[in-house]
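Results of the structural survey
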2 protein chains.
Amino acid sequence: MARAIAVSERVRGTTSPNPPVGCVILDAGGEPVGEGATRPPGQAHAEVVALARAGDRARGGTAVVTLEPCNHHGRTPPCTGALLAAGVARVVHAVADPNPGAAGGADALRAAGVEVGSGLLAEEVERGPLRAWLHFARTGRPHVTWKYAATLDGRVAAADGTGRWIGSAESRAESHDLRAKVDAVVVGTGTVRVDDPRLTARPTGPGPAPARQPLRVVVGTGDLPAGARVLDDEAETVHVRTHDPDVVLGELARRGVVDVLLEGGPTLAGAFTAARRVDRVLAYLVPRLSGSGAPAMRDTGVSAVAGAVGMVVEQVSMCGPDVRVSAVPDR
Amino acid sequence: MARAIAVSERVRGTTSPNPPVGCVILDAGGEPVGEGATRPPGQAHAEVVALARAGDRARGGTAVVTLEPCNHHGRTPPCTGALLAAGVARVVHAVADPNPGAAGGADALRAAGVEVGSGLLAEEVERGPLRAWLHFARTGRPHVTWKYAATLDGRVAAADGTGRWIGSAESRAESHDLRAKVDAVVVGTGTVRVDDPRLTARPTGPGPAPARQPLRVVVGTGDLPAGARVLDDEAETVHVRTHDPDVVLGELARRGVVDVLLEGGPTLAGAFTAARRVDRVLAYLVPRLSGSGAPAMRDTGVSAVAGAVGMVVEQVSMCGPDVRVSAVPDR
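Remember, it's a predicted structure, so these values are computed and weren't measured experimentally.

Moving on, we get to the overall build of chain A. A count of helical and extended segments in chain A gives 10 helices and 14 strands. Overall, the C-alpha framework of chain A stretches about 65 × 40 × 40 Å when taken along its three principal axes. Taking all 331 residues of chain A together, 54% fall into the buried category. Expressed as a percentage of contacts within chain A between residues at least 6 apart in sequence, the contacts between residues at least 24 apart total 70%. Looking at chain A as shown, the accessible area adds up to about 13,200 Å², and 50% of this sits on carbon and sulfur atoms. Of the side chains in chain A, 36 bear a positive and 36 a negative charge, and the two mean positions are spaced by 2 Å.

Spelled out as structure tokens, the structure:
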């Protein structure tokens, strides 16, 4: 399953609105004979890719897959059918499919005499490659990760407004990797006016540029400056003229966006937080003391700390010299 | 040496202006036969306490001590003399004494035929029990730890001013332990007016109250409210009528204070930071998003993040649900 997770990580950002699934086929003797991950929408699912690689060696073997195989005809035939046709004897999946339309795969396989196991490394998959998609399947809303870099005392910019990326080179590189793995990057019109970011995923090392770019989304009722970098042709850009996070997320869902990286400034971050539409906070805390400049977030409508939005720290780690904190709402 | 460090930790906060030193005596066969830590000022040093417990068994043995034994007549006779009189054959210390008046202990012992080793667990001692005292010995200034609890977005209080202790119960308990281990707790007059803290070390569990209380120090030119809790008789309080951190530290040094816990609000924290008088930051980051209220620090005179005070993260760990970050200036 760890291998299936690793395989699925490679296709993150390329499969929405489908889930980035990974699959490994073992032959009857337990040897890996094929692996695969979800192809872009309309193309083969992970199981079908892996089965094609395994060929006849799948017969009597095991399919290890991060998500319960689908049981419905969408743009592609159901994976359960492909697994049965290949003669697989056993299927082990990490998490069940919460999608009413596609679920029932495990039952269908069992009914056809296949042994089905589930739950293996489920938490790792739920927190990792399938986090956004599972959230989308359960709520109908894209998953929002608010990412920011702030000084230890919570400032994202100094008093003179400088602060385009205050994190370390390591955090900056990770930030570009993140952009390449999501469907959309969201900022407010204020950030476009002040910082004029490109919002593309760019390699920070000698490697090649990412094969695809996230959708660039600018939120706010104001106009964009004519020469703004987000209007260049490096990636698609959409301007959503609203201040309501749910209107933004509705528009993004309509466009097949599942995984959103919110890189907005303090005001947009505050609006999403107040609307309870931040599903994960990813904070890069830079070991510096500033004492002035913009705070990381403002205007959430919270009037006392007792009423602040409670979170649970999921993981704390170092990213170069910075402290990386991942936290999720305490629901 | 690990044992000597543990023994010294127990007397932290009771020895200033002397260092909290720990000593373990091993007999000629390497068995521990006595241990001791620095007694309050004017009383025995760690070596003398440990030697008294070891008695004749120290002869031909080893003294393991966190600091190079002193070689001068202060209020007590030199420890080197006590070690020689006891017939110790070997001395191993963690860190050398930087104090010109007391140093030379290792040389004196060697001249008398004692084998001397040094550097064992030196970093642990330098960062731990002797950190404040070594800083004081090198700079003449008390060591300042700025401790605060802030939400993940860097707020110490909500817009309505509420925020007396926003950390978890675990962080609160640790905060009281810290107070019991330092010589002085410093706040500004603003904190006294708004929060009216007691600033004493109080047990948060069923245990007994600490045997001693830190000096309570209020900084600022304004008067204290007549009924302020810091004016009660639970501990001594001094009001230093200045805004200059160096004046405060000079006054505290005069009073024999070596280890200072700065618990001040944003303005006092900013003044100490701008003056480069914060020697360690101990931040408890509470997994909450506030979006309003006071920032952790303000007015440092830093006008751009590039000019912010650079720090190095020393340790990151959890304290209950909170993230504990210890950082020191990047000098």
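Frequently, the measure chosen for interface size is the accessible area removed from exposure when the parts meet. Residue and element names in this part refer to chain A. Taken domain by domain, chain A holds domain 1 (2-130) and domain 2 (141-329). With 7 residues of domain 1 at the interface, the matching set in domain 2 holds 9 residues. If you sort the residues of domain 1 by the area they bury against domain 2, Arg12, Gly13 and Ser16 come out on top, with a joint share of 58%. Run the count over domain 1 and domain 2 and you get 2 salt bridges. Among the salt bridges present, the one from Glu9 reaches Lys181, with a minimum N-O distance of 3.3 Å. Scanning the region where domain 1 abuts domain 2 turns up 4 residue pairs in polar contact (both at pLDDT 80 or more). When grouped by side-chain class, the residues that make up the side of domain 1 that touches domain 2 number 1 nonpolar, 3 polar and 3 charged.

With that out of the way, let us pick up the side chain of Thr76 of chain A. All names here are of chain A. Of note, Thr76 is situated in the loop between strand E3 (62-67) and helix H3 (79-85). For Thr76, a relative accessible area of 12% corresponds to the buried category. Of note is the side chain of Thr76, whose polar atom sits 3.4 Å from the side chain of His45. Not counting the four nearest positions on each side in its chain, Thr76 is found in contact with Gly42, Gln43 and His45.

Attention shifts here to empty space enclosed by the protein. Residue and element names in this part refer to chain B. Throughout the structure, instances matching the rule amount to 1 cavity of 30 Å³ or more. Considered as a void within the structure, the largest cavity measures approximately 100 Å³ in volume. Surrounding the largest cavity, 14 residues form its lining, Ser16, Pro20, Pro129, Ala132 and Asp259 being those nearest its centre. Taken together, the residues of the lining of the largest cavity sort by class into 6 nonpolar, 4 polar and 4 charged. Taken domain by domain, the lining of the largest cavity gets at least three of its residues from each of domain 1 (2-131) and domain 2 (141-329).

Attention now goes to the nonpolar core. If you look at the biggest cluster of nonpolar residues, it comprises 72 residues, and the most contacted ones within it are Trp146 of chain A together with Trp146 of chain B. Excluding anything up to four places from it in sequence, Trp146 of chain A contacts Leu262, Gly264, Ala269, Val278, Arg280, Val281, Leu282, Ala296 and Met297 of chain A together with Leu289 of chain B.

Moving on, we come to the pairing of strand E11 (residues 280-286) of chain B. Residues and elements named next belong to chain B. By the criterion of burial, E11 is predominantly enclosed, with 7 of the 7 residues buried. Side chains Arg280, Leu282, Tyr284 and Val286 of E11 all project onto a buried face; the interleaved residues Val281, Ala283 and Leu285 project onto the opposite face, where all are buried too. Sheet topology places strand E6 (residues 143-151) next to E11; 7 bridges connect them, and they run parallel. In the sheet register, Lys147 faces E11, and the bridge partner there is Leu282. As judged from the 5 bridges shared by E11 and strand E14 (residues 322-329), these two strands associate in the antiparallel manner. When the bridges of E14 are listed, Val281 appears paired with Ala327.

Moving on: helix H9 (residues 245-254) of chain A. Residues and elements named next belong to chain A. Those residues of H9 that fall on the buried side of the exposure criterion are Pro245, Val248, Leu249 and Leu252. Take H9 and look down its axis: the buried residues cluster within an arc of 95°, on one side only. For H9, the elements touching its buried residues are strand E6 (143-151), strand E7 (184-188), strand E8 (215-219), strand E9 (237-240), strand E10 (259-262) and helix H10 (266-274). The opening residue of H9, the one whose side-chain oxygen lies 2.8 Å from the backbone nitrogen of Asp246, is Asp244.

Ordered in space as E12(A)-E13(B)-E14(B)-E11(B)-E6(B)-E10(B)-E7(B)-E8(B)-E9(B), the 9 strands form an open sheet in which the pairing is mixed. Every other strand in the sheet has two partners, leaving strand E12 (288-289) of chain A together with strand E9 (237-240) of chain B as the edge strands with one partner each. Pairing of strand E8 (residues 215-219) of chain B with E9 of chain B, which is carried by 4 bridges, proceeds in the parallel orientation. Its bridge partner being in E9 of chain B, Arg216 of chain B is matched across the sheet by Thr237 of chain B. Across the face of the sheet, helix H9 (residues 245-254) of chain B comes into contact with E6, strand E7 (184-188), E8, E9 and strand E10 (259-262) of chain B while running at roughly 155° to E8 of chain B.

What counts as what
- The written sequence of each chain sets the order in which its residues are numbered from 1.
- The order in which chains are written sets their letters, starting at A; the order in which ligands are written sets their numbers, starting at 1.
- A pLDDT threshold of at least 70 governs which residues receive local features in this predicted model, and a stricter bar of 80 or more applies before side-chain atom pairs are shown or counted, although totals over entire chains, interfaces and linings include all residues.
- No hydrogens and no water enter the side-chain calculation; it runs on all heavy atoms of the structure.
- Under the scheme used here, helices are H or I runs from DSSP no shorter than 4 residues and strands are E runs no shorter than 2 residues, and both carry numbers assigned from the N terminus.
- Partly exposed describes any residue whose relative accessible area lies between the buried limit of under 20% and the exposed limit of over 50%, with all areas from a 1.4 Å probe on protein chains only and scaled to the type maximum.
- Contact criterion: two residues are considered in contact whenever any of their non-hydrogen atoms come within 4.5 Å of each other.
- Using a 1.4 Å probe, the Shrake-Rupley method yields the accessible areas, and only the shown protein chains count as cover for residues.
- The charged-residue count follows a simple rule in which Lys and Arg add positive charge and Asp and Glu add negative charge, with His and chain termini not counted at all.
- Where a charge lies is defined by one atom per residue type, namely NZ (Lys), CZ (Arg), CG (Asp) and CD (Glu).
- Domain segmentation is taken from an automatic or database assignment of domains.
- As a working definition, buried area equals the accessible area (1.4 Å probe) given up by two parts on being put together, with both sides summed.
- For this analysis, a salt bridge means a side-chain nitrogen from Lys or Arg found within 4 Å of a carboxyl oxygen belonging to Asp or Glu.
- Think of a polar contact as two N or O atoms within 3.5 Å of one another; within protein, one of them needs to be a possible hydrogen donor and the other a possible acceptor, and neighboring residues in sequence only count if both atoms come from side chains.
- Note on residue categories: nonpolar means Ala, Val, Leu, Ile, Met, Phe, Trp, Tyr, Cys or Pro, charged means Asp, Glu, Lys or Arg, and polar means any other residue, Gly included.
- In the cavity and pocket records, a cavity denotes points on a 1 Å grid over the protein atoms alone where a 1.4 Å probe fits but cannot get out, a pocket denotes an open set with protein on both sides within 12 Å along at least 5 of 7 lines, and lining residues are residues with an atom within 4 Å of a point.
- Grid points are joined across faces, edges and corners, and a volume is the space filled by probe spheres set on the points.
- By nonpolar core we mean a set of buried residues, namely Ala, Val, Leu, Ile, Met, Phe, Trp, Tyr and Cys, connected to one another through side-chain atoms within 4.5 Å.
- Between any two strands, pairing holds if DSSP finds at least two bridges.
- It is the directions from the helix axis to the C-beta atoms that the arc portrays.
- Fitted lines through C-alpha atoms serve as axes, helices being fitted only where they are in contact, and the angles separating the N-to-C directions of these axes extend from 0 to 180 degrees.

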